[in-house]
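Examining the three-dimensional arrangement
What follows is the residue order along each chain.
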Amino acid sequence: HADWSPEETTGLVCYLHKHCAEHGNTGNFHQTTYANAADHICPLLISGKIKDGRNVLIKWGVLKQTYNAIMTYHSKSGEHWDNEHGANI
């Protein structure tokens, strides 16, 4: 289990966004992209363990899962979601 700072998470998302062309046929990135992303966010480390490619892969999976859950919730008729207040619950 690795703790992520908001800066590291933002750095990861920005890096993967810039390298979106490097994703494989399954929609996930190649292991080298995860390793390079880990190197990219290393200077952003505040405390805790240095992230490696495996940590990046796991974090990206969690972020995708959260995003997909929000999009599923938001697509339901009558359900409210915004990025500032969430579901307001």
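Check the entry above for the structure.
These remarks concern the structure in this document.

Definitions and cut-offs
- Residues numbered from 1 in each chain as written.
- Predicted model: local features only at pLDDT ≥ 70, side-chain atom pairs only at ≥ 80, totals over all residues.
- Heavy atoms only, no water.
- Phe/Tyr/Trp six-rings, centres within 6.5 Å; stacked < 30°, edge-to-face > 60°.
- Buried < 20%, exposed > 50% of the residue type's maximum accessible area, 1.4 Å probe, protein only.
- Helix = DSSP H or I, 4+ residues; strand = E, 2+ residues; numbered from the N terminus.
- Lys NZ or Arg CZ within 6 Å of the ring centre and 35° of its normal.
- Axes fitted to C-alpha atoms, helices over the stretch in contact; angles between N-to-C directions.
- Parallel < 35°, antiparallel > 145°, perpendicular 65-115°, else oblique.
- Left-handed = near helix turned anticlockwise from the far one by under 90°.
- Contact = heavy atoms within 4.5 Å.
- Nonpolar A, V, L, I, M, F, W, Y, C, P; charged D, E, K, R; others polar.
- Polar contact = N/O pair within 3.5 Å; in protein donor to acceptor, adjacent residues only side chain to side chain.
- Expected span 1.5 Å × (residues − 1).

Some points on the packing of aromatic side chains
Counting across every chain of the model gives 2 aromatic pairs. An angle of 75 degrees between the planes, with centres 6.0 Å apart, marks the rings of Phe29 and Tyr34 as edge-to-face. Assigned by exposure class, Phe29 and Tyr34 land together as buried. With a centroid separation of 5.9 Å and 65 degrees between ring planes, the pair formed by Phe29 and Trp60 is classed as edge-to-face. Placement of Phe29 in the loop between helix H1 (6-18) and helix H2 (31-41) and of Trp60 in helix H3 (residues 53-75) is noted, with a sequence separation of 31 residues between them. Across this residue pair, the class does not change: Phe29 and Trp60 are buried. Over the ring of Trp4 we find Lys51; its NZ or CZ atom is 5.3 Å from the centre of that ring.

Describing the packing of H1 against H2
Two numbers describe how H1 lies on H2: the axes approach to 9 Å, and their chain directions differ by 135 degrees. In terms of their interaxial angle, H1 and H2 are classed as oblique. By crossing handedness, the relation of H1 to H2 is classed as right-handed. Contacts from Glu8, Gly11, Leu12, Tyr15 and Leu16 in H1 reach Thr33, Asn36, Ala37, His40 and Ile41 in H2. Residue composition of the contact of H1 with H2, by class: 5 nonpolar, 4 polar and 1 charged.

Thoughts on the side chain of Glu8
Tracing the backbone shows Glu8 in helix H1. For Glu8, the side chain forms a polar contact with the side chain of Lys51, separated by 3.0 Å. Beyond its immediate chain neighbours, meaning those up to four positions away, Glu8 contacts Asp3, Ile41, Leu44, Leu45 and Lys51.

Observations concerning H3
With 23 residues, H3 ought to run about 33 Å at 1.5 Å a step, and its terminal C-alpha atoms sit 33 Å apart, in line with that. Of all the residues in H3, the buried ones are Gly53, Asn55, Val56, Lys59 and Trp60. Residues of H3 that are buried make contact with H1 and H2.

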